[in-house]
Amino acid sequence: MKTIETLDMERTLYYYCRALNQVVVEEVKLPDDLGIVDTLSQDLDQAYTCFELKVTKNDFHSKAKLSFVGHYNYFVFPRHLLDQVLAEVPANIGVLVFDYYAPELRQTRRLPVPGTLTIYKKAPKQALGLDETKLAQHFLRSLNREVDKAKRLTNGLKNYNTQQLLTELSKRRDQGRLDTLTHNSYQRFLADSLDQSQTAQAEEIVALKAENIKLLQQVWALKTHQPLSLPGGKP
């Protein structure tokens, strides 16, 4: 299960890559037993960049395969891990550092992601670690997987009432099982629900004001013994 910090780093990295006009996808399974790239992006020059996210020293020393097969390759560390592992980072691997926004900033501004990424060590360009055609195929398959998830999620929303959907998304959030797509859906759902609630309240206020005016007119008619006028001037 991914930690909240890992999920926050994933979200920030995705936003970071998109801000650079890169095509980006998470969890790309490679051929020939080369493992899974945490995040893989392609820039406008068709260069691929692999990112491996590590949040603890044990995670960094894990036996899991490091799938650094891109033209550029980066570790992504939270600031608190940097000094513990920096000396062990190979010369041909770059380093991105994740920092959370200050709490007061996160409370006063509606930020798209929880933190920022800074290049601490720039990765040198190198030859791809596998055939470019194979890499492109697996990159596209992973993109297609995300599109399929998005379509199934969109269609699936029709099968749940509001309370069921909120319960399921809240459960996934509490269990740390929100990927970028589901997290965005969760946030969109809450925003849409708030908009719907505010719209309903505004319509109710208008209806109550109209009803109040009608009652006042009836009271006035009773007090003055005048017929109640209807729209168009007819009694």
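Please read these numbers as outputs of a predicted model, since none were measured by experiment.

A.B. asks: How should I be thinking about the overall build of the chain in this particular structure?
C.D. replies: When helices and strands are counted, the chain shows seven helices and six strands. In the chain, the succession of α and β elements from N to C terminus is α-β-β-β-α-β-α-β-α-β-α-α-α. Expressed as a percentage of its 235 residues, the buried residues of the chain come to 33%. Once local pairs closer than 6 in sequence are excluded, the contacts in the chain between residues at least 24 apart make up 51%. Split by element, the accessible area of the chain, about 15100 Å² in all, is 54% carbon and sulfur.

A.B. asks: Would you mind showing me how to read the nonpolar core here?
C.D. replies: Buried together is how nonpolar side chains tend to be arranged in soluble globular proteins. In terms of nonpolar packing, the biggest core is built from 23 residues, with Leu40, Phe75, Phe77, Val89 and Leu135 touching the most fellow members. Of all the secondary structure elements, the ones that give two or more residues to this core are strand 1 (23-29), strand 2 (36-42), strand 3 (48-53), strand 4 (72-78), helix 3 (79-85), strand 5 (94-100) and helix 5 (132-156). Here the element with the most residues in this core is helix 3; it accounts for three residues. Each residue touching leucine 40, except ones within four places of it in the same chain, is listed here: Val23, Val24, Val25, Val28, Tyr48, Thr49, Cys50, Leu135 and Phe139. By size, the runner-up hydrophobic cluster in this structure holds 13 residues, among which are Met9, Cys17, Val55 and Val76.

A.B. asks: Teacher, can you tell me more about the environment of proline 124 here?
C.D. replies: Note on placement: proline 124 falls in the loop between strand 6 (115-121) and helix 5. Measuring from C-alpha to C-alpha, the distance between proline 124 and alanine 91 comes to 8.7 Å, with 33 residues separating the pair along the chain. Ignoring sequence-local partners within four residues, the contact set of proline 124 consists of His71, Tyr72, Ala91 and Asn92.

Parameters at a glance
- Residues numbered from 1 in each chain as written.
- Predicted model: local features only at pLDDT ≥ 70, side-chain atom pairs only at ≥ 80, totals over all residues.
- Heavy atoms only, no water.
- Helix = DSSP H or I, 4+ residues; strand = E, 2+ residues; numbered from the N terminus.
- Buried < 20%, exposed > 50% of the residue type's maximum accessible area, 1.4 Å probe, protein only.
- Contact = heavy atoms within 4.5 Å.
- Areas by Shrake-Rupley, 256 points an atom, 1.4 Å probe, with all protein chains shown as cover.
- Core = buried A, V, L, I, M, F, W, Y, C linked by side-chain atoms within 4.5 Å.

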